Each structure stands twice: as structure tokens, then as C-alpha cells.
Amino acid sequence: MLFTLMSVVPYKDKDTSKREQVAEMFDSISPKYDLLNHVLSGGIDILWRKRAIRELRRTASKPPKRILDIATGTGDFALEALVLKPEKIVGMDISEGMLSVGRDKMKKRGVDQVIEMRSGDSEGLPLPDNDFDAVIVAFGVRNFENLLKGLTDMHRVTRPGGTCVVLEFSNPRQFPFKQLYGFYSRTILPLIGRMVSKDASAYTYLPESVQAFPDGPDFLRIYEAAGFTNTKWIPLTFGVASIYIGQKR
């Protein structure tokens, strides 16, 4: 049976939906999000994004002209995709706080005519069918309320022959990195996150959501159920993160 409903939420004392809680959480931490990302990963998240874009370049049948960046946050993955020289990148997110930071970032870098930051739900994309040559997402599918539904909608907006690249945290499987990473994610990461962002729940939610996420071969099964073919799993940094590649026929 496919694991598609993601039940871990940021705020356990609230009865709102996961979608609403995720939006609230990212609105709360948006001013410090970029700093925390780089500090908590030791800057390696930048290298992961670069690798994911290299995999997209290598896998795509032709250079993508239109790219959709799902759960774009402040737009770091969209910015990395500029190396592909697309005509248009649409960055979509449910958090207005993150989008606001992202729009300022695009203007400062002079790329706001190429990268459009737009509000939208990743599980019900306000976009037409077969609209993008490539769909990318970094550290976002873990936050979907219904993983299969979100991936299926990503498949819908991808053009036939297009490519989808997912970059997401995963669970290391080998000793001793599995144990070391477990200690770091459960103890050190929430402490630093709480000190910098003042939102303790956000950085408690992160390791909990990673632990619950169906990574590796389990994710590929859901990826394929959503319609993607030629799927591939590439573990990164001893399995702390993974790249998943799929294509639409």
C-alpha cells in the first residue's frame, strides 16, 4: 500500500490542516530561513541544489525553456536553475512570507523578469496542463499533506518528454552516520533553530517530518504511481539528502 498521507505537523496543539500549519510555520521563520538553511547544513545545501540542476541538465531531452519551482520558498532553487538559461521560471509557494523575501531577492539580483514568484498550493496548482518543460522542488514534497496528490499534479503540469527533479532530505542508513545524524537532527538542530528563529516547533518538525517521509525506493514507488517513468534515486552525503528524477512520457 502506498504511503501518501503525511500526518506529521508543525504545531501539534492546533487542529488546523497541515497545509495551513506549514504556511504559518514558514511565514514565521521566513526572515531567518536562508541563514538557518546554510548554517544548519554547513552550506552543503548549496552544493545539493547545484548537483540537482546538473542532473536536470544531464537528464532532460532538451534544455528546458519553462521551469516550475514548486515550494520555492525564497527562490534559491529557482536562482540555481538560471544556469540552464530558461526563458521563464515560475516559483510557487503557499507562504506569503517566504515569497515576499524571495521577490526582494529577485529584484536585488535583477532577475525578477525571468523568475516570477507566485502564490499557489502545490497540491492543487493553479496552472494549465502540460505547461512546463521541467518541474523542480527542493525540500518541499516532505511538507505535502497528500504526497501522491501533489506529485500527480506536478506530473499534470509537466509537458510530455519533460523532467521532474525532487531534492529532499532522507534518512541515512549506514552506521555510524545514521546514529550521528539522528543525534544532530533531534538535539542540535532544534536548539539552533529555536535560538535563531524563535519558533521551536519549526525545527522540531523538521527531523520528525524527515523521519516519517517515505524516502529512497518507497518514494520512487509513489513517484511512479503519480505517472513518472524512468525514475532514479541518487543519495547525497551519506544519505542525508536524495535527488529523485522522473520523466513524463
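As annotated in an unreviewed UniProt entry, the protein chain is Demethylmenaquinone methyltransferase from Spirosoma utsteinense. Its UniProt record, at the heading Function (unreviewed entry), says of the protein chain: "Methyltransferase required for the conversion of demethylmenaquinol (DMKH2) to menaquinol (MKH2)." Turning to the protein chain, the UniProt annotation filed under Catalytic activity (unreviewed entry) states: "a 2-demethylmenaquinol + S-adenosyl-L-methionine = a menaquinol + S-adenosyl-L-homocysteine + H(+)".

Here we come to the overall build of the protein chain. Helix and strand counts for the protein chain come out as 9 helices and 7 strands. For 249 residues, the compact-globule estimate of 2.2 N^0.38 gives 18 Å, and the C-alpha radius of gyration of the protein chain, at 17 Å, lies within 12% of that figure. Viewed in the frame of its principal axes, the protein chain has a C-alpha envelope of about 45 × 40 × 35 Å. The buried share of the protein chain, reckoned over its 249 residues, is 55%. Sequence separation of at least 24 residues holds for 72% of the intrachain contacts in the protein chain that already meet a minimum separation of 6. Just so you have it, the protein chain exposes about 11300 Å², and 56% of that area is on carbon and sulfur atoms. A gap of 6 Å separates the mean positions of the 35 positive and 30 negative side-chain charges of the protein chain.

Ranked by internal contacts, the top residues of the largest apolar core, which has 47 residues, are Trp48, Ile115, Ile136, Leu167, Tyr203 and Ile243. With residues up to four places along the chain from it excluded, the contact list for tryptophan 48 reads Phe139, Leu167, Phe169, Leu236, Thr237, Val240 and Ala241. Judged by nonpolar contacts, the second largest core, of 26 residues, contains Phe132, Val135, Phe144 and Leu151.

What follows is about the UniProt feature "binding site: S-adenosyl-L-methionine" (unreviewed entry) in the protein chain. In the numbering adopted here, UniProt assigns the feature "binding site: S-adenosyl-L-methionine" (unreviewed entry) to Thr74, Asp93, Asp121 and Ser122. In terms of polar contacts, aspartate 121 uses its side chain to reach the side chain of arginine 19, at 3.0 Å. Within the element layout of this structure, serine 122 appears in the loop between strand 3 (115-119) and strand 4 (132-138). Judged by its relative accessible area of 7%, serine 122 is buried.

By the definition in use, this model includes 19 salt bridges. Between glutamate 116 and arginine 118 there is a salt bridge, and its shortest N-O distance comes to 3.2 Å. In this structure, a network of salt bridges that share partners links the residues Asp34, Asp76 and Lys105.

Here we take up the side chain of threonine 229. Note on placement: threonine 229 falls in strand 6 (residues 229-236). According to the relative accessible area criterion, threonine 229 is buried, its value standing at 16%. Setting aside anything within four residues of it in sequence, one finds threonine 229 in contact with Gly246, Gln247 and Arg249.

Our focus in this paragraph is the sheet that holds strand 7 (residues 241-247). Within the open sheet, the 7 strands sit side by side as 3-2-1-4-5-7-6. Their pairing is mixed. In this open sheet, the two strands that pair with only one neighbour each are strand 3 and strand 6. Adjacent strand axes in the sheet meet at a mean angle of 15° when their direction is disregarded. Of the pairings in the sheet, the one linking strand 5 (residues 158-169) to strand 7 comprises 7 bridges and is antiparallel in character. The partner of threonine 163 across the bridge, within strand 7, is glutamine 247. Lying on the sheet, helix 9 (residues 217-225) is in contact with strand 5, strand 6 and strand 7; it crosses strand 6 at an angle near 155°.

To continue, consider the packing of aromatic side chains. How two aromatic rings sit relative to each other is given by the distance of their centres and the angle of their planes. Tallied over the full model, the rule gives 9 aromatic pairs. Aromatic side chains phenylalanine 219 and tyrosine 244 sit 4.3 Å apart centroid to centroid with 40° between the ring planes, which places their arrangement in the tilted category. Residue phenylalanine 219 is found in helix 9, and its partner tyrosine 244 is found in strand 7; the two are separated by 25 residues along the sequence. With respect to class, phenylalanine 219 is no different from tyrosine 244; both count as buried. Note on tyrosine 223 and phenylalanine 228: the rings are 4.8 Å apart at their centroids and 40° apart in plane angle, and the pair reads as tilted.

Our focus in this paragraph is helix 6 (residues 147-157). Every buried residue belonging to helix 6 is among Leu147, Gly150, Leu151, Asp153, Met154, His155 and Val157, and all of these are buried. Contacts made by the buried residues of helix 6 are with strand 1 (66-70), strand 4, strand 5 and helix 9. The N-cap residue of helix 6 is asparagine 146: its side-chain oxygen and the backbone nitrogen of leucine 148 are 3.3 Å apart.

Reading the values: rules and limits
- Residues numbered from 1 in each chain as written.
- Predicted model: local features only at pLDDT ≥ 70, side-chain atom pairs only at ≥ 80, totals over all residues.
- Heavy atoms only, no water.
- UniProt positions renumbered as here; feature names shortened; annotations may be inferred.
- Helix = DSSP H or I, 4+ residues; strand = E, 2+ residues; numbered from the N terminus.
- Rg over C-alpha atoms; globule rule 2.2 N^0.38 Å.
- Buried < 20%, exposed > 50% of the residue type's maximum accessible area, 1.4 Å probe, protein only.
- Contact = heavy atoms within 4.5 Å.
- Areas by Shrake-Rupley, 256 points an atom, 1.4 Å probe, with all protein chains shown as cover.
- Lys, Arg positive; Asp, Glu negative; His and termini not counted.
- Charge placed at Lys NZ, Arg CZ, Asp CG, Glu CD.
- Core = buried A, V, L, I, M, F, W, Y, C linked by side-chain atoms within 4.5 Å.
- Polar contact = N/O pair within 3.5 Å; in protein donor to acceptor, adjacent residues only side chain to side chain.
- Salt bridge = Lys/Arg side-chain N within 4 Å of Asp/Glu carboxyl O.
- Pairing = 2+ DSSP bridges.
- Axes fitted to C-alpha atoms, helices over the stretch in contact; angles between N-to-C directions.
- Phe/Tyr/Trp six-rings, centres within 6.5 Å; stacked < 30°, edge-to-face > 60°.

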